[in-house]
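Structural overview
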Amino acid sequence: DTTVYMLQVENNIGCEAENSVTINVDSLYFDLGPNDTICYGDTITLSGPPDMLMYNWFANGLLIDTNQTITRVPVDTTVYMLQVENNIGCEAENSITINVHLSPTVSFEEDSLYVCNGNDILLSVVGSTDIWLYYWYYKGKLIESTQTNNYNLDNPDSSDYVIVEVSNIDDCRAYDTTYLTVLPYPEIIISNDTAVCGGQAVILSVSGGSIFRWIVGNDTISTESTITVSPEVTTNYIGQTAFSDSM
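Reading the values: rules and limits
Residues numbered from 1 in each chain as written. Predicted model: local features only at pLDDT ≥ 70, side-chain atom pairs only at ≥ 80, totals over all residues. Heavy atoms only, no water. Phe/Tyr/Trp six-rings, centres within 6.5 Å; stacked < 30°, edge-to-face > 60°. Buried < 20%, exposed > 50% of the residue type's maximum accessible area, 1.4 Å probe, protein only. Pairing = 2+ DSSP bridges. Helix = DSSP H or I, 4+ residues; strand = E, 2+ residues; numbered from the N terminus. Axes fitted to C-alpha atoms, helices over the stretch in contact; angles between N-to-C directions. Disulfide = S-S within 2.5 Å. Patch = residues over 30% accessible without salt bridge, like charges linked within 9 Å, V, L, I, M, F, W, Y side chains within 5 Å. Areas by Shrake-Rupley, 256 points an atom, 1.4 Å probe, with all protein chains shown as cover. Salt bridge = Lys/Arg side-chain N within 4 Å of Asp/Glu carboxyl O.

**A closer look at the packing of aromatic side chains**
Tallied over the full model, the rule gives four aromatic pairs. Each ring, one from Tyr134 and one from Trp136, has its centre 6.3 Å from the other, and the planes form 15°; the classification is stacked. On the accessibility criterion, Tyr134 (8% relative accessible area) is buried. The exposure class assigned to Trp136 is buried, which follows from its relative accessible area of 0%. Taken together, the ring pairs in this structure connect Phe108, Tyr134, Trp136 and Tyr151 into an aromatic cluster.

**Concerning the sheet that holds strand E14 (residues 141-146)**
Judged by pairing direction, the sheet is mixed, and its five strands sit side by side in the order E11-E17-E16-E13-E14 without closing on themselves. Pairing within the sheet leaves two strands with one partner each, and these edge strands are strand E11 (112-116) and E14. With strand direction ignored, the average angle separating the axes of adjacent strands in the sheet is 30°. Across eight bridges, the pairing between strand E16 (residues 160-168) and strand E17 (residues 173-183) is antiparallel. Each bridged residue has a counterpart across the sheet, and for Asp160 the counterpart in E17 is Leu180.

**Regarding the sheet that holds strand E21 (residues 219-222)**
The strands making up a sheet associate through backbone hydrogen bonding, with each pair oriented either parallel or antiparallel. Read across the open sheet, the three strands follow the order E21-E20-E23; overall the sheet is antiparallel. Each end of this open sheet is capped by a strand with a single partner; those strands are E21 and strand E23 (238-242). Each strand of the sheet is rotated relative to its neighbour by a mean of 40°, with strand direction disregarded.

**Focus: the state of the cysteines**
Here a disulfide denotes one covalent bond, and it connects the sulfur atoms of two cysteines. One pass over the structure, following the stated rule, counts one disulfide. Between Cys39 and Cys172 runs a disulfide, and the two sulfur atoms are separated by 2.0 Å. Across the S-S bond of Cys39 and Cys172 the torsion is about -90°, and the bridge reads as left-handed. Of the two residues, Cys39 sits in strand E3 (residues 36-39) while Cys172 sits in the loop between E16 and E17, which places them 133 residues apart along the sequence. When its relative accessible area of 0% is taken as the criterion, Cys172 is described as buried.

**Let's talk about the environment of Ser112**
Secondary-structure assignment places Ser112 in strand E11. Residues Ser112 and Leu53 lie 59 residues apart in sequence; the distance between their C-alpha atoms is 57 Å.

**What to know about a nonpolar patch on the surface**
On the surface, Tyr5, Val21, Ile23 and Val25 cluster together to form a nonpolar patch covering roughly 370 Å² of accessible area. Looking at the element boundaries, Val21 is found in strand E2 (residues 16-23). Residue classification places Val21 among the partly exposed positions, given a relative accessible area of 44%.

Shape is all these values report; function is a separate question.
Encoded structure:
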């Protein structure tokens, strides 16, 4: 508080005098705010009082900065303390504890997804064991939330990004993105039925897509669009084509 000190004096012949001085006491106090909790990877900004002559920021006891405001990305629980001094030498300090929760991790099993027009597609991701909820987005809109790591997307009608966002019990979040391409069915063109002598070579071709497969029975015999075969007996050759590796 402000205090006035007055002195009265008298000499040996009875003369008196007095004088006074005012002492202003400047109390310096500041508050960094309540302790806080963030998720791993989040940024914090802390600020001290304005117009100080000195700022010393400490993190877990180590000097880290001498500016009024700091921005940090703590990787685990950290105690930040600020010491300040004003222009008349008054000092003060205050501290704040930032608790850091781990964030989940998640990723799509495939970097790119393909589906034929009119078909459904099962979206699947892999993630950390602490995931509580999965949020599925298609064409920029939330379409469903689940507690499982897969979701059946019904009849996507256009190519677009698919996003999965996950959260854990602390509401820390992570996300991953993949691109879903919706493909039309190819117009397949294949060789006509052919009669040949046993062992005679014949050329078979299939077109309409970008990848190919020839099947005899349960076996794939070629992934070329054109093949040459020499059957000894009547044989059924099945030609397949598609626009992506989905066969």
